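# A closer look at the structure
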Amino acid sequence: MKLSVIRQRGLWWAISSALILAGLAAMAILWTQIHAPLRPSLDFVGGTRLQFELDCTKPNNCDRPIQTAAVRDVVDAQGLAGSTIQVLGQEQHAVTIRTTNLDVDQRSKLQSALESKIGTFDVKKTQIDTVGPTIGRQLFSSGLLSLIVAFAGIALYLTIRYQFDYAIFAIVALLHDVLITVGFFAILGLINGTEVDSLFIVALLTIVGFSVNDTVVIYDRVRETIALNPGRHIDDIVDDAVNQTLTRSINTTMTALLTLTALFLFGGETLKNFALALIVGFTMGAYSSIFVASTLLALWRERTGNAIAPVNATATEANVSKDPLG
Amino acid sequence: MGRQRGLLLLILALVIASIVVIVKVPTRLGLDLRGGSQLTIQVKPTEEIKKITERELEAVQKVIEGRINGLGVSEPVIQTAGEDQVLVQLPGVDNPQQAERVLGGTAQLDFRSENPTQIAFLRVRQEELQELQTKQPALEKAGDQAAIAANQAAIVAKEKQVEDAVKQVYEKTGLDGRYLKDARTELQGNVWAVGISFDQKGADLFAALTKKAAQTNTRLGIFLDDKLLSSPSVDPAQFAQTGITGGNAVITGNFTAESARELELQLRGGSLPVPIQIVENRTVGATLGQDSIRSSIIAGIGGLTLVLVFMVVYYRLPGVIAAIALVIYALLTFAAFNLLGVTLTLPGIAGFILSIGMAVDANVLIFERTREEIKAGKTLYRSVESGFFRAFSSILDSNVTTLIACAALFWLGAGLVRGFALTLALGVVISMFTAITCSRTLMLYVLSIQSLRKPELFCPNIPNKPSAEATS
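To start, this report covers the structure provided alongside it.

Rules used throughout
Residues numbered from 1 in each chain as written. Chains lettered and ligands numbered in written order. Predicted model: local features only at pLDDT ≥ 70, side-chain atom pairs only at ≥ 80, totals over all residues. Heavy atoms only, no water. Helix = DSSP H or I, 4+ residues; strand = E, 2+ residues; numbered from the N terminus. Buried < 20%, exposed > 50% of the residue type's maximum accessible area, 1.4 Å probe, protein only. Contact = heavy atoms within 4.5 Å. Pairing = 2+ DSSP bridges. Axes fitted to C-alpha atoms, helices over the stretch in contact; angles between N-to-C directions. Buried area = accessible area lost by both parts, 1.4 Å probe. Salt bridge = Lys/Arg side-chain N within 4 Å of Asp/Glu carboxyl O. Polar contact = N/O pair within 3.5 Å; in protein donor to acceptor, adjacent residues only side chain to side chain. Nonpolar A, V, L, I, M, F, W, Y, C, P; charged D, E, K, R; others polar. Disulfide = S-S within 2.5 Å. Phe/Tyr/Trp six-rings, centres within 6.5 Å; stacked < 30°, edge-to-face > 60°. Lys NZ or Arg CZ within 6 Å of the ring centre and 35° of its normal.

Structurally, R369 of chain B is set in helix α11 (residues 346-375). The exposure class assigned to R369 of chain B is buried, which follows from its relative accessible area of 5%. As for R369 of chain B and I41 of chain B, which are separated by 328 residues in sequence, their C-alpha atoms are 54 Å apart. Ignoring anything within four residues of it in the chain, the contact list for R369 of chain B reads R221 and E224 of chain A together with G387, R390 and A391 of chain B.

Given below as structure tokens:
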């Protein structure tokens, strides 16, 4: 089987565009609702999230499941109307409450009010996350900054190792992966209320670091093939390079996806969305390397009249690709 | 072959060493896995101290250390972060609210003396307040909402005036928390109180202060953070000559057992030079942490197994070698975490598990190359050699780009994020070694065994399947 990426490039680009547009549409709708393209967790906007679980070692404490309405009554009575309340666990013995930023006294009051109404909580199963708005902004801007720095760093490295146009299209492919992942979470936020936290930014950065690999491997092969066959048309070269590296691209993504699936299924609540973001991003990373980065490079070389590389330029490139072990 | 044998021995030694390290050196677990509280404390400038310098930050850190020691938390971590923040980690703390209250208060204690001329003024204000308050029930009966609201506002304004008047009544004496030697919770009759002892200088000041109070028949004002806690009087018959000597005093005020204990801890730790605010609190219960550990072990073993099975099924003999290299990788990396004292957090473990999936990338690249070379008709040995040689540039590039992303995360990220970056980066570096050196050595060793030197163990269907280009 041979994949002709070049001949069907219109199709690949259409798929990518459709995915990106769907994500952008979801972001736009979210923007009209909450003035943000994604649902930010308290990591970024500040707030308090409390998780309590009934202490079942105490007699009669776990007789009945926690009722959302009962919790809401208590929370509202504390002047915290508009908080998000979610009852968790198979037996419904745990509850999470997301409110505005509460200080320690407000929190203690809320907790004792809840305990008198619902039952004693187990201190060893309590989780508290409270983030002031300033810290939230700090986390957000440092996250964003690290994304930008990573992009710039990778662009710089690729420019040094390859040629400038390779670097540009690798970055385009990365933006494509990140954009689709962000769009995917905008859609999830829209239909499922999924929030993005600092781990989401970590996931985006990991996607950036990982999915550039596929692109690099294909570009490396393009460069090598150009060096070995000067005078061949770029379309053929790209097609060959993609096909020769196809199994590798698929298998590498496969192994990473296998571990991510394990993380998604067994890794617990905290890592679920993190693993999901990586699964989407890595899949898109493989897709964009095979179908987008390569075809864009071919198109660019065609349009700029470099479809057939000059012989002497390729000779120096060949040296670059051959020396690392020596 | 001598070099190969040396490398093989080196790998074996590393594996044994890492198993020893894993068994002997305990893994450092982050608070999200062992349970505990992490607090970020923001140091706030005041009108006197407009800019927080290193000096203030250090002073705050010291006071906080003192208070935490009183809390009895084992292995706390206290470090400054940025220009005006202090990061506190309290492993296994079982009352996070109390810890937060103890750490958060400024605890500026001072003893003030009453100024008789201001008392009359305070009395007038207090009477005015009382008058307004008595008016309220009558208004509520009449039901005139506007009048009720107006009166309520007047009460609030008056309460503020009373509070100010109280501050006017008491004058600072210079005797404050600096001179404290000790503090302890006491039960006075059936009321909770905090007993304090002054050092020599403080005891002298206190004696002079109480002497004056006894002589002029005025009261003392004990203030905490500018709020009046109690205003005891001094018995003139007993203390008019010498004042209260010995440097001991008792603070009463509406204390519960818990709040008395909290004040005791704060006073013992000393007062903060500037106010602070706890801007972030991440607390995870110990049981939740254990649940996370269990689920990440399952995820880790599950992920590793899936990758091993995939590699062996797809790549056959080289797959087995890659699988061995991967297990070596997991051992070495985990040992490196323990050895370097990397604190494992939940995202850190995620990074480690993910790196297992990514570590085989290099082997996949190499084996794909090897297969191509075999298909192109090269001998087995030369195919393997050139597989390793020609895949190297791709491996290097792809690992460097991942390291760049890790570096960005590590430098600019905070807390948990850094743990992920560190474990992933360590994983990438170690995987370069295991995937290239380890699997190459093992592969060459395998090739030296006659019965294993069969191309079909390396690449299925060589003779019949034409190369990729010919089919389309």
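Now that the structure has been shown, the text picks up again.
For the rest of this paragraph, the subject is the sheet that holds strand β8 (residues 191-198) of chain B. Sheet strands pair via backbone hydrogen bonds, and the direction of the pair is either parallel or antiparallel. All names here are of chain B. Read across the sheet, 3 strands follow the order β7-β8-β11 without closing on themselves; strand pairing throughout is antiparallel. The open sheet has two edge strands, β7 (180-188) and β11 (248-255), and neither has a second partner. If you compare each strand with its neighbour and ignore which way they point, the axes differ by 25° on average. In terms of strand pairing, β8 meets β11 through 5 bridges, oriented antiparallel. Bridge pairing in β11 places V194 opposite I251. Packed onto the sheet, helix α7 (residues 200-216) meets β8 and β11 and runs at close to 115° relative to β8. Where helix α9 (residues 257-269) meets the sheet, its contacts fall on β7, β8 and β11, and the angle it forms with β7 comes to roughly 170°.

Bringing the interface of chain B and chain A into the picture now. One frequent convention defines the size of an interface as the accessible area lost when the parts assemble. Taken together, the contacts link 67 residues of chain B with 75 residues of chain A. The three residues of chain B that bury the most area against chain A are Q97, D397 and L412 of chain B, which together make up 9% of that side's buried surface. Run the count over chain B and chain A and you get 8 salt bridges. Note that R390 of chain B is salt-bridged to E224 of chain A, the shortest N-O span being 2.4 Å. If you look at where chain B meets chain A, you find 25 residue pairs in polar contact (both at pLDDT 80 or more). Where the side of chain B that touches chain A is concerned, the elements lending two or more residues are α4 (96-104), β12 (276-284), α10 (286-340), α11, α12 (380-412), α13 (416-447) and α14 (468-471) of chain B. If one sorts the elements of the side of chain B that touches chain A by residue count, α12 of chain B sits on top with 17 residues. Across the side of chain B that touches chain A, the residue classes tally to 37 nonpolar, 18 polar and 12 charged. In the sheet, strand β4 (residues 127-131) of chain A pairs with β12 of chain B via 5 bridges, with the strands oriented antiparallel.

Residue and element names in this part refer to chain A. Notably, Q92 is not glycine yet its phi reads approximately 60°, a positive angle. Take Q92: it is sitting in the loop between β2 (84-88) and β3 (94-99). Since its relative accessible area comes to 32%, Q92 is described here as partly exposed.

Residues and elements named next belong to chain A. Evaluated as defined, the whole model comprises 1 disulfide over all chains. For C56, the disulfide goes to C62, at an S-S distance of 2.0 Å. Across the S-S bond of C56 and C62 the torsion is about -100°, and the bridge reads as left-handed. When its relative accessible area of 47% is taken as the criterion, C56 is described as partly exposed. By relative accessible area, C62 is classed as buried at 16%.

The subject of this paragraph is the packing of aromatic side chains. Under the criterion given, the structure shown has 21 aromatic pairs over all chains. Their ring planes at 35° and their centres at 5.6 Å tell us that Y162 of chain A and Y166 of chain A sit as a pair that is tilted. Each of the two residues, Y162 of chain A as well as Y166 of chain A, counts as buried. An aromatic cluster of at least three residues, connected via ring pairs, comprises F310, Y314, Y315 and F367 of chain B. Its guanidinium or amino end placed over the ring of F264 of chain A, K272 of chain A lies 5.6 Å from that ring's centre, counting from NZ or CZ. Above the plane of the ring of F223 of chain B lies R112 of chain B, whose end atom (NZ or CZ) is 3.9 Å from the centre.

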